[in-house]
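# Summary of structural features
Here are the chains, one letter per residue:
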Amino acid sequence: MQQRTADVVVVGAGFSGLYALHRMRELGYTATLVEAGDDVGGTWYWNRYPGCRVDTESLDYSYSFSEELQAEWKWTERYAGQPEIHSYLRHVATRFDLWSDIELNTRIDSATWDDTEQRWQLRSTDGRTWDATNCILATGFLSVPLQPRFDGLSNFNGTVLRSTEWPEDGFDFTGKRVGIIGTGSTGVQMMPIIAKNAGRTTVFQRTPAYSVPLRNVPLEAEFDAHVKSMYPEWRRLQRESGAGAWSVGSAPWLDRGAPSAMDVTEQERLDLYEECWQLGGINGFYMAYGDLASNLDSNETLAEFLREKIRERIGNPEVADKLVPQFPVMTKRLCADTGYFEAYRLETVDLVDVNGKTLKFDESGIEVDGEHYDLDVAVVATGFDAVTGAMTRLNIVGQNGETLQSHWSEEYRNAAGFMSAGFPNLFWINGPGSPAADSNPVLMAEDQMGVIGDLIDNSRVVGEPVAVTAEMEDEWLQTCDSAFAATLRSEAKSWYNGGNVPGKVTRGMMYHGGDIPYLQHLAAYEAQILDQTASTPVSSAAEMTA
Ligand code: NA7
């Protein structure tokens, strides 16, 4: 089979990958984007379950690189649903004429650095190969489904549906007995919608979720026009506010919160939390006080506010006891829902606590510690092998035959959240060491690609690959570790720290110090990388030799 050659191969056609392809072409490179799915969209292609929608406002969760695109695209809802986001990404691929350089149904199986040729050799599962100077991994930080091995699952005679591989034509739950495993963002989004039609819905819960009402509404034309009249300014504020997920709707609060929730009276705190609650969504809570995610006392004030709200929404104190979380809030990502807790008021909805218990399947349903639940359908919404999962599965081999898996066997060694030492010209977007978990990942992809583009440009001029050193990794790991240690995020097992994946090294995988410090660090690392590469461009060096 013929080997294809390109300056850049981008892996993954979600938000980051589509932009990476566009940017590389804009800079004049030949680029190919390979994607395992049979359409673009990444996580917004695969996650088609009922109720799937973004919890950052649509007007924020979209590209900023083209003012024309921002102006012309019209979101219909304050928080877009999966179908609309998927259409947007397809529109972007068409609008910027990207399709001709996208290869769908192409799952990369290995990427190997050839030190002699100074190029990457990529191979797909069906044996096709690419030869590229640079490789950009846009494989997503929530893209590899976590598939627990439930005892007896293969004996189950009913239908098994996975949130991450939902049937394209949907599924009719009418009158069915449905079991849902998983109560993270995915579970709380889908449950009330499924419960509306199902004959009986049984939720198997290991850990209760802190979830707040999303209060999604159609996007009013007036608000849309207002944002669009000053979009570049909104974007600037977003980037400069220090809160990557800062949103158009919560803008009025930028100056409201104090550095610490303990600096204000209880009444002031409750008033602000209530405002956040009424506004809807998660952003207000994340922005309310500077130390909610780092100071246990401050954290507890919000946790208790939310527990009380959950109790009110459920009504029945016995059921509420099982659904009210006791761990510090925001140590798992805050969820946003539409009618999740209220759905437990339905006579057809049951909650089964499976924490510390054995859940096993048989032909007719699920058994938990001797209690049997008859089911027609089991829905698995158990989350992701986040952040590193998609990259370690790619069989990446760098210099001296070192694999990325072994490079990351104990700690996720990387410099500035976009490269590892020993893997020249291999870049990633929104992966380990980056702030994507706390950020607006669409804007972060644009910002990271700015640096990656500069470095590739410089590398072409000087004739040396882009590389980072072990010292840079050491320094960055320390920076990430101290930022993580300053948060409360080791208090819960979550995808933030790998604790949700049995056997995975549990530690902070990303940078948790905020977007602005991250971008400053990124610029400093970029300068260091440029400094250490030959400062004499190839052409000048050639002239000197002659
Ligand atoms: P999450 O947030 O990781 O949630 C996964 C859920 O599945 C969570 O309730 C888990 O319980 C539960 N789970 C995982 N494994 C099991 C087993 N073996 N048995 C029972 N329950 C299990 O993933 P989501 O897809 O909901 O959301 C991920 C992110 O996507 C979200 O934060 C947004 O950023 C978008 P646990 O809490 O581990 O006890």
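Look up a bit, the structure's there.
Just so we're clear, the structure is a prediction, and the values are computed from it rather than from any experiment.

### Considerations on the sheet that holds strand S8 (residues 177-181)
If you trace the five strands from one edge of the open sheet to the other, you get S7-S16-S8-S9-S12, paired in parallel fashion. Every other strand in the sheet has two partners, leaving strand S7 (159-162) and strand S12 (349-353) as the edge strands with one partner each. Strand-to-strand twist across the sheet, computed as the mean angle between neighbouring axes with direction ignored, equals 20°. Pairing between S8 and strand S16 (residues 377-380): four bridges, direction parallel. Among the inter-strand pairings, Gly179 is bridged to a residue of S16, identified as Ala378.

### Considering helix H15 (residues 441-462)
Between its first and last C-alpha, H15 extends 31 Å over 22 residues, near the 32 Å set by a 1.5 Å rise per residue. Counting buried positions along H15 yields 16 of 22 residues, so the element is predominantly enclosed. The N-cap of H15, judged by a side-chain oxygen 3.0 Å from the amide nitrogen of Val442 a few residues on, is Asn440. In the stretch just after H15, Gly463 is the one whose phi turns positive, near 75°.

### Comments concerning the packing of aromatic side chains
Using the criterion set out here, one finds 35 aromatic pairs in the structure. Feature note: the residues Phe15, Tyr19, Trp44, Tyr61, Tyr63, Phe65, Trp73, Trp75, Tyr88 and Phe96 constitute an aromatic cluster, connected by ring pairs. The ring centre of Tyr45 lies 4.9 Å from the NZ or CZ of Arg48, which sits over that ring. Just above the ring of Tyr496 sits the side chain of Arg489; from NZ or CZ to the centre is 4.0 Å.

### Details of the packing of helix H7 (residues 231-240) against H15
The geometry of H7 relative to H15 is characterised by a closest axis approach of 12 Å and an angle of 85° between their N-to-C directions. With respect to each other, H7 and H15 are oriented roughly perpendicular. The residues of H15 that touch H7, namely those facing Arg235, Gln238 and Arg239, are Leu443, Glu446 and Asp447. Each residue belonging to the contact of H7 with H15 can be placed in one class, and the counts come to one nonpolar, one polar and four charged.

### Focus: the side chain of Thr183
Tracing the backbone shows Thr183 in the loop between S8 and helix H5 (185-197). Polar contacts involving the side chain of Thr183 include one to the main-chain carbonyl oxygen of Thr207, which spans 2.9 Å. Once residues within four sequence positions are removed from consideration, Thr183 is found in contact with Val188, Val203, Gln205, Thr207, Ala209 and Tyr340.

### As for the nonpolar core
Counting 93 residues, the largest nonpolar core has Leu18, Tyr63, Ile136, Val379 and Phe418 as its most contacted members. When residues no more than four places from it in sequence are discounted, the contact partners of Tyr63 are Gly14, Phe15, Leu18, Tyr19, Leu69, Gln70, Tyr88, Leu89, Val92, Arg235, Val442 and Glu446.

### Brief notes about the site of the ligand
The environment of the ligand is made up of 18 residues, and the closest members are Thr186, Arg206, Thr207, Lys332 and Trp495. Within the contact set of the ligand, an oxygen atom lies 3.0 Å away from a backbone nitrogen or oxygen of Ser185. Between the ligand and Lys332, the relevant distance is 2.7 Å, taken from an oxygen atom to a side-chain nitrogen or oxygen of the residue. Against a free-state accessible area of 780 Å², the protein chains account for coverage of 84% of the ligand. Looking at side-chain class alone, the shell around the ligand contains seven nonpolar, eight polar and three charged residues.

### Looking at the pattern of salt bridges
Tallying each qualifying case throughout the model produces 35 salt bridges. Between Arg460 and Asp457 there is a salt bridge whose closest N-O contact spans 3.9 Å. Of this pair, Arg460 and Asp457 both sit in helix H15, three residues apart, which is roughly one turn of that helix. Judged by its relative accessible area of 48%, Arg460 is partly exposed. Of the residues examined, Asp457 reaches a relative accessible area of 25% and is grouped as partly exposed. Because the salt bridges share partners, they merge into one network encompassing Glu411, Arg413, Glu473, Asp474, Asp481 and Arg507.

Procedures and definitions
- The numbers attached to residues start from 1 for each chain and follow its sequence in the written order.
- Only residues with pLDDT of at least 70 get local features here, since the model is predicted, and only at 80 or more are side-chain atom pairs given and counted; chain-wide, interface and lining totals rely on the full set of residues.
- Note that water and hydrogens are dropped before the side-chain values are worked out from all heavy atoms of the structure.
- Note: two strands are recorded as paired if DSSP finds a minimum of 2 bridges between them.
- Working definition: helices are DSSP H or I runs of at least four residues, strands are E runs of at least two. Numbering for both runs from the N terminus.
- Note on definitions: angles span 0 to 180 degrees between N-to-C directions of axes, and those axes are lines fitted to C-alpha atoms, for helices only across the stretch in contact.
- To estimate the expected span of a helix, subtract one from its residue number and multiply by 1.5 Å.
- Exposure classes here rest on a 1.4 Å probe applied to the protein chains alone. A residue is buried below 20% of its type maximum, exposed above 50%, and partly exposed in between.
- What qualifies as a polar contact is a pair of N or O atoms within 3.5 Å, subject to a donor-acceptor requirement within protein and to the restriction that residues adjacent in sequence count only when both atoms come from side chains.
- We call Phe, Tyr and Trp rings a pair once their centres come within 6.5 Å, taking the six-membered ring for Trp, and we label the pair stacked below 30 degrees between planes, edge-to-face above 60, and tilted otherwise.
- Think of it as a cone above the ring: NZ of Lys or CZ of Arg counts as a charge over the ring if it is within 6 Å of the ring centre and within 35 degrees of the ring normal.
- Reported orientations rely on four angle classes, namely roughly parallel under 35 degrees, roughly antiparallel over 145, roughly perpendicular from 65 to 115, and oblique for the rest.
- Contacts between residues were defined by any pair of non-hydrogen atoms, one from each residue, lying within 4.5 Å.
- Under the scheme applied, nonpolar residues are Ala, Val, Leu, Ile, Met, Phe, Trp, Tyr, Cys and Pro; charged residues are Asp, Glu, Lys and Arg; polar residues are all the others, including Gly.
- The term nonpolar core refers to a set of buried residues drawn from Ala, Val, Leu, Ile, Met, Phe, Trp, Tyr and Cys, joined through side-chain atoms within 4.5 Å.
- Neighbouring residues are identified by heavy atoms, a residue being near a molecule or strand if any of them is within 4 Å of it.
- Computed with a 1.4 Å probe, the accessible areas rest on the Shrake-Rupley method; for each residue, only the protein chains presented here act as cover.
- Salt bridges are counted wherever a side-chain nitrogen of Lys or Arg sits within 4 Å of a carboxyl oxygen of Asp or Glu.

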